[in-house]
Amino acid sequence: MKKRELTSQQLIEAAFELFVEFGLEKTSLGMIAQKVGITKPSIYYHFSTKEELISQAFDYIFKDHYFKSYFQIEEVTLHNFAQCLYQGGLNMLPDPDKSHNAVLRVLNEFATLAEREEMYRARLSAIQQDFLTGFQQLLSMGFELGAVPSGNLAYKAHLLALSIDGISRCKLMGIGMDYEGVWKEAVNSVLKQDFIIQV
């Protein structure tokens, strides 16, 4: 890797850590430079503005945040459909001991930024659409396999996407509830009776 690419990567990683701790607004280029041990003017060799750094940090942070990275669609069968749907949602829930929690924290920062800036609104909307489409495709497979009843699969997909998003945010804020149990009920609501998860 070239020195410029390596340093740009270090800047993005340092920015991410600071975004988690201080948020997008309060993180300055000076703080980022200090974290990686360079002068603030050196950042401009890699990023012309803080906004450019934030934009590239967005791409870096969310490069693996898409439906198929959590839900193993290619492994779905009639017998494991309910469990794959359930486990995929659990994979999305923040774990305080893992970086996923930090990603969700920064996602909330970008959601706030999206209220003011169309570029981030469009980018976050594309991520959300990927999950909506993914849930709909997965439920379509479940319908074809016989695990999901007929009905409006789009509404069911939206219900699951909204549920896991809300559960993730509540867990991130430390609101006490049985997150796995709530997700199980959301999953069971789209399944035929014979496929309902009992445990």
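Per an unreviewed UniProt entry, the chain is named TetR family transcriptional regulator, and its organism is Paenibacillus oryzae.

**With respect to the overall build of the chain**
Looking only at helices and strands, one finds nine helices and zero strands in the chain. Every one of the 199 residues in the chain was classed for burial, and the buried ones make up 44%. Within the chain, counting contacts between residues at least 6 apart in sequence, those at least 24 apart form 64% of the total. With 19 positive and 24 negative side-chain charges, the chain shows a spacing of 4 Å between the two charge centroids.

**Some thoughts on the domain arrangement of the chain**
Domain boundaries assigned for the chain yield domain 1 (3-61) and domain 2 (64-195). Spacing between the C-alpha centres of domain 1 and domain 2 amounts to 30 Å. Taken together, the contacts link 12 residues of domain 1 with 13 residues of domain 2. Summed over both sides, the interface between domain 1 and domain 2 buries roughly 1200 Å², with carbon and sulfur atoms accounting for 70% of that surface. The interface formed by domain 1 and domain 2 contains two salt bridges.

**Considerations on the UniProt feature "DNA-binding region" (unreviewed entry) in the chain**
Those residues carrying the UniProt feature "DNA-binding region" (unreviewed entry) are residues 28-47 in this numbering. Secondary structure content for residues 28-47 is 60% helix and 0% strand, while the C-alpha to C-alpha distance between its ends is 13 Å.

**Topic: the packing of helix H4 (residues 50-61) against helix H7 (residues 118-145)**
Two elements in contact, H4 and H7, have axes separated by 12 Å at closest approach and are oriented at 0°. Compared by their axis directions, H4 and H7 come out roughly parallel. Across from Glu-51, Ile-54, Ser-55, Phe-58 and Asp-59 in H4, the residues of H7 making contact are Met-119, Tyr-120, Arg-123, Leu-124 and Ile-127. Looking at the contact of H4 with H7 residue by residue, the class counts come to six nonpolar, one polar and three charged.

**Observations concerning the nonpolar core**
Ile-32, Phe-81, Leu-85, Phe-110, Phe-135, Leu-139 and Trp-183 are the most contacted members of the largest nonpolar core, which totals 65 residues. Those elements that place two or more of their residues in this core are helix H1 (3-22), helix H2 (29-36), H4, helix H5 (81-92), helix H6 (99-114), H7, helix H8 (153-172) and helix H9 (179-188). Counting contributing residues per domain, this core is built from domain 1 (3-61) and domain 2 (64-195), each supplying no fewer than three. Filtering out sequence-adjacent residues up to four positions away, Leu-139 remains in contact with Phe-81, Leu-85, Val-148, Leu-153, Lys-156, Ala-157, Leu-160 and Val-190.

**Brief notes about a nonpolar patch on the surface**
Residues Met-173, Ile-175, Met-177 and Val-182 make up a contiguous nonpolar surface patch of roughly 350 Å² in combined accessible area. With respect to the element layout, Met-173 can be found in the loop between H8 and H9. Note on Met-173: relative accessible area 59%, which makes it exposed.

**Section: H5**
Counted at 1.5 Å a residue, the expected span for H5 with its 12 residues is 16 Å, and the 17 Å between its end C-alpha atoms agrees. All of the buried residues in H5 are Phe-81, Ala-82, Cys-84, Leu-85, Tyr-86, Gly-88, Gly-89, Leu-90 and Met-92.

**Brief notes about the packing of aromatic side chains**
Enumeration according to the criterion identifies 11 aromatic pairs in this entry. A ring pair is formed by Phe-110 and Tyr-120, whose centres lie 5.4 Å apart and whose planes are at 40°; its orientation type is tilted. Of this pair, Phe-110 sits in helix H6 while Tyr-120 sits in helix H7; the two residues are 10 residues apart in sequence, bridging distant segments of the chain. There is no split in this pair, since Phe-110 and Tyr-120 are both buried. Counting every residue linked through ring pairs, the aromatic cluster contains Phe-67, Tyr-70, Phe-71, Phe-131, Phe-135 and Trp-183. It is Lys-63 that lies over the ring of Tyr-60; its NZ or CZ is 4.3 Å from the centre.

**A closer look at H8**
A rise of 1.5 Å per residue sets the reference length of H8, with its 20 residues, at 28 Å; its end C-alpha atoms lie 28 Å apart and thus fit the reference within 8%. For H8, the set of buried residues is Leu-153, Lys-156, Ala-157, Leu-160, Ala-161, Ser-163, Ile-164, Ile-167, Ser-168, Cys-170 and Leu-172. By the N-cap criterion, in which a side-chain oxygen at the helix start approaches the backbone nitrogen of a residue two or three places on, H8 is capped by Asn-152, the distance to Ala-154 being 3.0 Å. Positive phi shows up at Gly-174, right after H8, with a value of about 80°.

Criteria and cut-off values
- In this convention, every chain numbers its residues from 1, walking through the sequence in written order.
- With pLDDT at 70 or above as the cut-off, local features in this predicted model cover only qualifying residues; side-chain atom pairs require 80 or more to be listed or tallied, and sums for whole chains, interfaces and linings still use all residues.
- With hydrogens and water stripped out, all remaining heavy atoms of the structure feed into the side-chain values.
- Secondary structure elements are defined from DSSP: runs of H or I of at least 4 residues count as helices, runs of E of at least 2 residues count as strands, and each element is numbered from the N terminus.
- Relative accessibility under 20% of the residue-type maximum defines a buried residue, over 50% an exposed one, and the middle range a partly exposed one, all with a 1.4 Å probe and only protein chains included.
- Contact criterion: two residues are considered in contact whenever any of their non-hydrogen atoms come within 4.5 Å of each other.
- Residues scored as charged are limited to Lys and Arg (positive) and Asp and Glu (negative), so that His and the chain ends carry no count.
- Throughout, a charge is located at the NZ atom of Lys, the CZ atom of Arg, the CG atom of Asp or the CD atom of Glu.
- Where each domain begins and ends follows an automated or database-derived domain assignment.
- Buried surface area refers to the total accessible area, computed with a probe of radius 1.4 Å, that the two partners give up upon joining, counted for both partners together.
- Salt bridges are counted wherever a side-chain nitrogen of Lys or Arg sits within 4 Å of a carboxyl oxygen of Asp or Glu.
- UniProt positions are given in the numbering used here, feature names are shortened, and annotations may be inferred rather than shown by experiment.
- Whenever a helix is involved, its axis is fitted only over the stretch in contact; in every case the axis is a line through C-alpha atoms, and angles between N-to-C directions fall within 0 to 180 degrees.
- Any angle that is under 35 degrees is reported as roughly parallel, and any over 145 degrees as roughly antiparallel; angles of 65 to 115 degrees are reported as roughly perpendicular and all others as oblique.
- We call Asp, Glu, Lys and Arg charged. Ala, Val, Leu, Ile, Met, Phe, Trp, Tyr, Cys and Pro are nonpolar, and the rest, Gly among them, are polar.
- For the purposes of this section, nonpolar cores are sets of buried Ala, Val, Leu, Ile, Met, Phe, Trp, Tyr and Cys residues that join through side-chain atoms within 4.5 Å.
- Only residues above 30% relative accessible area that lack a salt bridge enter a patch, with like-charged residues linked at up to 9 Å and the nonpolar side chains Val, Leu, Ile, Met, Phe, Trp and Tyr linked at up to 5 Å.
- Accessible areas in this description were obtained via Shrake-Rupley with a 1.4 Å probe; residue shielding takes into account the shown protein chains only.
- A helix is expected to span 1.5 Å multiplied by its residue count minus one.
- Two rings from Phe, Tyr or Trp (for Trp, the six-membered ring) form a pair when their centres sit within 6.5 Å of each other. Planes less than 30 degrees apart are called stacked, planes more than 60 degrees apart edge-to-face, and all others tilted.
- Two conditions define a charge sitting above a ring: the NZ of Lys or the CZ of Arg must be within 6 Å of the ring centre, and it must be within 35 degrees of the ring normal.
- Two N or O atoms count as a polar contact when they lie within 3.5 Å, although within protein this holds only if one can serve as hydrogen donor and the other as acceptor, and sequence-adjacent residues are included solely when both atoms are side-chain atoms.

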